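# A closer look at the structure
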Amino acid sequence: MKKKITMNDLLQLGRAWGLQRVSRLRKSELGRELAKALRSRTVKELTELARRLGLGGLSKARKDELVATLARSLRALAGPVTSRASKLQRAVVKKADKLRRQVTARPKPRRGRTPGKTRRKRRGTTEEIPAVTAGELEVVPREPLWLYCWWELHPAAAAKLAKPGAVPLLRVVRLEEGQAGGHTVAQVELPLHARSWHLRVDQAGARYQALLGSKDSRGRFHALLKSVVVSTPAAVPSSATSNTVLAPSGQAGRQATTPGHPTPTDSEVLQQLSAPGLDETGTSLSLPTSRG
Amino acid sequence: MPTSSKQLPTLALVLHAHLPLVRHPELESSLEEAWLFEALVECYLPLLALTTRLQQRRSTVRFTLVLSPTLVSMLRDKYLQGRFYDYLDQLQALCRRVLRRQRLTPRQRRLLGWHLRRLRLARRRFSAIDGDLAGAWSRLAAGGRVELMTTAITHAYLPLCQASVVRAQLAAGREMHRLVFGSLPAGVWLPECGLDDHVMDILHRLGVGHTVAESHGLLLGVPRPPCGVFAPIRPFAELAVFGRDPAVSRQVWSTRKGYPGHGEYLEFHRDLAGEIAPDLLGSFALPGGDHRPTGIRLRRITGCTEQKRLYRPEQARLVAAGHARHFVGLCRRRLARLQSLLPSPVIVAPYDAELFGHWWHEGPLFLEQAFMEGEHQGAFRFDTLAGYLERWPPHFHSRPSPSSWGQGGYHHTWLNENNDWLLPRLRDAADRVRRAAGVAGIHTRQRRLLRQAACELALAQSSDWAFMLNSSSSAAYARQRLEDHLTAVTKLCLQVEGRQRRRGNLLDQRKAQWGFMPAAVADLFLQELTERTYRPEPAAATTATERCRENP
């Protein structure tokens, strides 16, 4: 006879199996998370679970059978998705899947190019496109050489990071104009509880993207989350000098009051007066230590 | 060679007056409420008196004053006006008590008498304008003596905010200024001079005419501006960005090389409370034998020593006059050199207004002397930013680089290991308000709840909390205020969504204490936050606007 399994039982099991944030999950959600994690458990653990669930006749079953039966049982326990949170979750997943399909959709081959070429190019990309449902990874440029990243992971994604053998990893890549992919410029192995990180990058005035994922036992990186691309501020003055004059509409005709074009020598003097900390090469600005 | 006043080079002094919104009617006396009262006695009222004197003398001196919306709200708050009189009463009573019961030298007695006269003067000035400092500044602005600018509604540090939050903060700040002062300001001050590309775009879209950036914001602009920081740049035809001149700024800001560190000036860190018997402290005593600062100081800086000598007001006045002459001479020489390179140079010198009077007691004296000396010499003119642009509208196109005037020149002060937990929580709170504003079929009470949630969110976004958490000064208060506002956002949004039952009179309580935004401003904040998907009822908004004009 099937036993009635309590929330407490499921919580104990979830904790014992190393699932993340079990206390925040509803009973139905926890049931589903446990069902997903069955494959990674030993036969002994599965048999014990079957006994606790009151499922008879499984003492000599093979692992595949055990997993299938227990998964059915746990999903049945979770019941149909009816709660508001689950509805919302389902809607999010649906929308995210749609988005993902759009992102990963193979572009229509242009005239004159064979589909085969397109496929080869796609196969050549190294970064796996992460599932947008895994959570959110935000990044802001803090200084020319520093980025701040923070993330929120959905439970399933957190469980992936916490899998035995997986090493959670935060990676920052510098993106170059006109080049696919990017150079990894910073990488840090994260403690499981980490939710944010300050990372030093190698170039000011460059474009960066952060990736959060895990490294498997073979050292391969699997991205779970990808941030938007951000640019850090430049640390050296622009090589091009402005020679366009703008004025508010209605006052553009007042050419008599234009600021005038200083000669290149005068402009150099003005730059020196503006930034007493500019070094001899004129490439490094000494920034203020504070406003006060 | 300069002849007409139009051809004179310009020194644009910009004073940025801001305090975070602090009001605690639930407490008998609050340490943090005294920030406003100290600033009123030492800075805002002396600056107002100085500007009034300039007007009476028909001086040609003009300068720019930034009044942050939270400060304006506090200056117009009848409750805080009442508490200011109580504060003056307490201080005067303390001075009298010390004079009566403490053994003092004749010089100490004279100094306390000087403080008493100062407090009486502050009371007279405050009563003369009926407590309405914002109204008094408005009248001076109408006379053309001063250009009033505004800033983000709660002084949020904009480069770390999402685009919709930046729009909401700036649009609400300008609307608040319009409701109080009668017209939209031409210029907007960026909190902490913090800017980046998306802040620039939003300023342009909002129709802002000018703003100020830190010097390297201009120097690292793209393309490189040929005039350095001595002429504004135009990222767009309608928007001018001025750059701070580091040399002139350092003269006043620097604690070591700047004027305020002179030995004759009043020592800020030696309070009377530490020098008198504890039983004389009265309401300034705190449990555990500690005390609140009184703002009454008897010592001068003296030098790098713990043995501070007694303050000498007359000598300090002479030193301030000497420093003013030095400052004017420095600006004159600098501008004369610049004029040989440029036809219309401008030196922009922005400072926190509270520096003049609060941190540097002799600051208002210095300013007045500098104005008089500059006007007397006639080598340059003190003008407003808007006044300069009126005379010299066209400027080189360039896009400023991300920058701020904080430590290191970027965003580190507001985003580091001490305060980085704040950023995700603020973004979550903004998302929560957005979701609540998206609830279909909102009725009147839900709108009121949403407006209050907007106030709470805006208050949590203030840059002051991150600054305090970083500097460890008042960090406990900053943390407590943040938790308080973020919790209120959650509770109010849950009530809007109908997921939490109405409990007591949360809305009325919060509105009475923190409902600083008039309904029209809160509606605008919500509209911009939700990218115009939230629609306030037009009739309700108009009524609220009218009501705000009478009693914000």
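Fair warning: this is a prediction, and the values are worked out from it, not measured in the lab.

## Brief notes about the interface of chain B and chain A
Where the parts come together, the accessible area they lose is often given as the size of the interface. The interface of chain B with chain A comprises 49 residues on the first partner and 43 residues on the second. Those elements giving two or more residues to the side of chain B that touches chain A turn out to be α8 (215-219), α9 (246-253), β10 (395-396) and α13 (422-437) of chain B. Each residue belonging to the side of chain B that touches chain A can be placed in one class, and the counts come to 28 nonpolar, 16 polar and five charged. Sheet topology note: the strand β9 (residues 245-246) of chain A/β10(B) ladder contains two bridges and is antiparallel. What sits directly across from Val245(A), in β10(B), is Phe396(B).

## Some thoughts on the confidence of the model for chain B
Residue and element names in this part refer to chain B. Residue-level pLDDT values for chain B average 92, and 96% of them are 70 or greater. Low confidence marks residues 539-552, where pLDDT is under 50. Its contacts with residues over four positions away, or in another chain, come to 21 contacts. In the predicted complex, the global pTM is 0.81; the interface-specific ipTM is 0.89.

## Some thoughts on the sheet that holds strand β2 (residues 146-153) of chain A
Residues and elements named next belong to chain A. Taken in spatial order, the three strands of this open sheet run β1-β2-β5, and their pairing is antiparallel. Only two strands of the sheet have a single neighbouring strand rather than two, namely β1 (135-143) and β5 (196-200). The mean inter-strand angle of the sheet, taken between neighbouring strand axes irrespective of direction, is 20°. Note: β1 against β2, eight bridges, orientation antiparallel. In the strand pairing of β2, Val-140 is matched with Tyr-148.

## Quick notes on the nonpolar core
One finds Cys149(A), Val433(B), Ala453(B), Ala454(B), Val489(B) and Phe525(B) to be the most contacted residues of the largest nonpolar core, which totals 200 residues. Among the elements that make up this core, the one with the highest residue count is helix α1 (residues 34-56) of chain B (12 residues). Ignoring sequence-local partners within four residues, the contact set of Val489(B) consists of Ala429(B), Arg432(B), Val433(B), Ala453(B), Glu456(B), Leu457(B) and Ala460(B). Within the second largest apolar cluster, 13 residues are counted, among which are Leu10(A), Leu46(A), Leu49(A) and Leu70(A).

## What to know about helix α6 (residues 163-181) of chain B
At 3.6 residues per turn, the α-helix brings residues three or four places apart onto the same side. All names here are of chain B. The end-to-end C-alpha separation of α6 is 27 Å, in line with the 27 Å expected for 19 residues at 1.5 Å each. Taken across its 19 residues, α6 has 15 buried, putting it largely inside the fold. Looking one or two residues beyond α6, the residue adopting positive phi is Gly-182, at roughly 95°.

About the criteria used
- Residues numbered from 1 in each chain as written.
- Chains lettered and ligands numbered in written order.
- Predicted model: local features only at pLDDT ≥ 70, side-chain atom pairs only at ≥ 80, totals over all residues.
- Contact = placed C-beta atoms within 7 Å.
- Helix = DSSP H or I, 4+ residues; strand = E, 2+ residues; numbered from the N terminus.
- Nonpolar A, V, L, I, M, F, W, Y, C, P; charged D, E, K, R; others polar.
- Pairing = 2+ DSSP bridges.
- pLDDT = per-residue confidence, 0-100.
- Axes fitted to C-alpha atoms, helices over the stretch in contact; angles between N-to-C directions.
- Core = buried A, V, L, I, M, F, W, Y, C linked by C-beta atoms within 7 Å.
- Buried ≥ 20, exposed ≤ 12 C-beta atoms within 10 Å, placed from the backbone.
- Expected span 1.5 Å × (residues − 1).

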